[in-house]
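Residues per chain are reported as follows:
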Amino acid sequence: MSNFKEIYAERVKELENHLDNLMNEKVKYHQTIIDAMKYSLLNGGKRIRAMLVMGFFECGGKDYKDALNTACALEMIHAYSLIHDDLPCMDNDDYRRGKLTSHKVFGEGMAVLAGDGLLTAAFQLFSENRDNFPAETLVKGLNCLAKEAGYNGMIGGQVIDIENENKQISKDMLYTLHSLKTGALIKCACKLGVIMAGGDEKMMKSAEEYGENIGLAFQIQDDILDVEGDVESLGKSVGSDAENGKTTFVTLFGLEKSKEMVDECFKKAYKNLEETDGNKEFLIGLTEFLKNRTY
């Protein structure tokens, strides 16, 4: 896909316009919560999870635009997780993508509620797909979303992270931490695209393995960027992992080995796509984009 960047930018714009329209509600007495939700939800980002939903949905023979609500629901959950992750009781970050974090703008209490609001809004939006998808498909998708975002998914990874702050952790625990905290929603995105498209078990297996490989690569890249990246490109501080004594793939395996691990993950991801039938042109372009990312 020679014009992938243009197509990718167009889809991101469609998604963000849809998110903006979803958050255009005006209320009399509690507008602050909507403003706080919108502030974080529309704070840019690569929208990778949403693009994966739409990519696998398209791969299943469907029009990616019909997966917009599903993709937006996942973006809402991702945004909620970032709001909570930035709180003083978690990572205590002041900036996210070059802008002040939610609690710095709206206060801690409102930031907690903004995260809660986005989480519940995601399930409300997802359930409103009922006119476009069979009930069985919706239930299967909702189950996937709740599981991967829940205590045995993303939240479980955050628990491991909190409980082992300033501790050296084992290789096995590090893999588990990031397969849950970072990888769960990425894997969920791939699975949701297949579920909503009505894909078969073969496609689901390839999508799930692809999500696991991309999720792992994504986290190792983040660890590398925390060493080699720059503040302007990343929109957040660098070197914080070393300052906080965190165990990362770089501290465990070294920089060069970590880069080799990223390459291996992408080789496996490409193989997963080769095993997948359907229109995977966008997914191949997205994989190449992720492989070469510098932010």
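What counts, and at which threshold
Residues numbered from 1 in each chain as written. Predicted model: local features only at pLDDT ≥ 70, side-chain atom pairs only at ≥ 80, totals over all residues. Heavy atoms only, no water. Helix = DSSP H or I, 4+ residues; strand = E, 2+ residues; numbered from the N terminus. Contact = heavy atoms within 4.5 Å. Areas by Shrake-Rupley, 256 points an atom, 1.4 Å probe, with all protein chains shown as cover. Lys, Arg positive; Asp, Glu negative; His and termini not counted. Charge placed at Lys NZ, Arg CZ, Asp CG, Glu CD. Disulfide = S-S within 2.5 Å. Buried < 20%, exposed > 50% of the residue type's maximum accessible area, 1.4 Å probe, protein only.

**Quick word on the overall build of the protein chain**
Line of reasoning, step 1. Each helix and strand counted, the protein chain has 16 helices and two strands in total.
Line of reasoning, step 2. Structurally, the protein chain occupies a C-alpha span of about 55 × 50 × 35 Å along its principal axes.
Line of reasoning, step 3. Taking contacts inside the protein chain between residues at least 6 apart in sequence as the whole, the part at least 24 apart equals 72%.
Line of reasoning, step 4. Only carbon and sulfur atoms are counted for the fraction: they give 50% of the accessible area of the protein chain, which is about 14200 Å².
Line of reasoning, step 5. If you average the places of the 35 positive and of the 48 negative side-chain charges in the protein chain, the two averages end up 1 Å apart.

**Thoughts on the state of the cysteines**
A disulfide bridge is the covalent bond that connects two cysteines by way of their sulfur atoms.
Line of reasoning, step 1. Across all of its chains, the model carries zero disulfides by this definition.
Line of reasoning, step 2. There is no disulfide at C72, and the cysteine sulfur nearest it, in C188, is 14 Å away.

**Quick word on the side chain of D86**
Line of reasoning, step 1. In this structure, D86 sits in helix α4 (residues 68–86).
Line of reasoning, step 2. Dropping the residues within four chain positions of it, D86 is found in contact with N92, D93, R96, T101 and H103.

**A short note on unusual backbone geometry**
Line of reasoning, step 1. Phi is positive for R47, which is not a glycine, with a value near 60°.
Line of reasoning, step 2. Judged by its relative accessible area of 5%, R47 is buried.
Line of reasoning, step 3. The phi angle at N92 is positive, at roughly 55°, despite the residue not being glycine.
Line of reasoning, step 4. Relative to the helices and strands, N92 resides in the loop between α4 and β1 (95–96).

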